[in-house]
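Below are the chains, spelled out letter by letter.
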Amino acid sequence: TIPIFLHSVVFRSSGLTTLPSILLIGPSGSGKTSLITLFERGTKAAATHTSQTPIAVECSLPVGAVASSDKYRSDNDPTNQTHKKFLLIDTPGHGKLRHHALASLTNPQNLKGLIFLVDAATLSAGDEGLRQTADYLHDVLLLLQKRVTGSKAAKAMKEIPVLIAANKMDLFIALPAALVKSSLEAEITKVRTSRSKGLLDSGIGMGDAEDEKDDWLGEMGSTSFKFSQMEEFDISVEVLGGNVVGGEGPTVDKWWKWISERL
Ligand code: GDP
């Protein structure tokens, strides 16, 4: 199973065991492989990787970005070195392989946060990309919301920061971050409604209010889904724009800052 696979990746080098990790998720084509290659800088592993199984790559914060836990340490403190490193765990984005991504979520290894990468150029109203992305994000957030009933490791993770990284901002048709946020919220509202209707139609939810409640994302009874509704479940969601390739070169400083503040 994937959790075991993740273990083997993490334990292959003893130096990696204590590194904080960031999970990278997102639909196929959103730019995960490109992002890993960019973040990793140097080693070749990511270049040939085909997004079929999760891989963990060791990353280092670029000079200038200081991890928040380092703020009060002196520059000479040797722990500075290790704290600036983190593991980026890549997960497959293909629909059929999604359960791998969801499996690694329930078995976090020193997990500090989750990056959900989206292609901001495929999120216009009516775009199939918007529907698929909202569908996937809905499932990921619901799983995080339900973690209280999950594994011990998942329970131990009290707060879960989620970054929705709106990628491909270099493209003319890309939606700005604020619109990525509102479009996803509107589309997740639809997903939420159709899922609960599906449950009712199948009879699964009948007579069992608790079950229905468990599968409802965000605030019960709300007509519109908002990411802020996840705060009640200790899940903070932020949407920040950037681009991995194209334009005048990579623009990922907002994502770096988000990561550095969580290590
Ligand atoms: P993955 O399936 O999530 O691993 O996505 P890839 O990393 O393979 O990227 C899919 C395609 O999007 C590739 O052709 C990338 O070159 C392209 N891509 C990734 N990031 C960007 C970006 O920021 N801007 C543009 N224009 N293209 C990008």
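Conventions we followed
- Residues numbered from 1 in each chain as written.
- Predicted model: local features only at pLDDT ≥ 70, side-chain atom pairs only at ≥ 80, totals over all residues.
- Heavy atoms only, no water.
- Near = heavy atom within 4 Å.
- Polar contact = N/O pair within 3.5 Å; in protein donor to acceptor, adjacent residues only side chain to side chain.
- Helix = DSSP H or I, 4+ residues; strand = E, 2+ residues; numbered from the N terminus.
- Nonpolar A, V, L, I, M, F, W, Y, C, P; charged D, E, K, R; others polar.
- Core = buried A, V, L, I, M, F, W, Y, C linked by side-chain atoms within 4.5 Å.
- Buried < 20%, exposed > 50% of the residue type's maximum accessible area, 1.4 Å probe, protein only.
- Contact = heavy atoms within 4.5 Å.
- Phe/Tyr/Trp six-rings, centres within 6.5 Å; stacked < 30°, edge-to-face > 60°.

Asker: Explanation requested: the site of the ligand in the structure shown.
Answerer: Close to the ligand lie 16 residues, the nearest being Gly-29, Thr-33, Ser-34, Asp-170 and Val-244. Take Gly-31: an N or O atom from its main chain is 3.0 Å from an oxygen atom of the ligand. Residue Val-244 places a main-chain N or O atom 2.7 Å away from an oxygen atom belonging to the ligand. Element by element, the count of residues in the shell around the ligand is highest for helix α2 (residues 32–40), at three residues. Here the shell around the ligand is composed, by residue class, of four nonpolar, nine polar and three charged.

Asker: In this structure, what is going on with the nonpolar core? I would like to understand it.
Answerer: Across soluble globular proteins, you tend to see nonpolar side chains buried next to one another. Core analysis: the largest hydrophobic core is formed by 33 residues, its most contacted members being Leu-141, Val-162, Ile-164, Val-180 and Phe-227. Elements with a contribution of two residues or more to this core: β1 (21–25), β4 (111–119), α5 (128–145), β5 (160–167), α7 (177–202) and β6 (235–241). Tallying contributions element by element places α5 first for this core, with eight residues. With residues near it in sequence (within four places) discarded, Phe-227 still touches Leu-137, Leu-141, Ile-164, Lys-181, Leu-184, Glu-185, Ile-188 and Val-237. Counting 19 residues, the second-largest nonpolar core is a separate cluster that includes Ile-22, Leu-24, Leu-163 and Ala-165.

Asker: Honestly, the packing of aromatic side chains in this entry has me stumped. Any pointers?
Answerer: The description of an aromatic ring pair rests on the distance of the ring centres and on the angle between the ring planes. Counted under the stated rule, the structure contains two aromatic pairs. Their ring planes at 70° and their centres at 5.4 Å tell us that Phe-116 and Tyr-136 sit as a pair that is edge-to-face. In this pair, Phe-116 is assigned in strand β4 and Tyr-136 in helix α5, connecting sequence segments 20 residues apart. On the basis of relative accessibility, which here comes to 0%, the residue Tyr-136 falls in the buried class. Between Phe-225 and Phe-227 the ring centres are 5.5 Å apart and the planes differ by 90°, which places this aromatic pair in the edge-to-face class. Note on accessibility: Phe-225 and Phe-227 belong to one class, buried.

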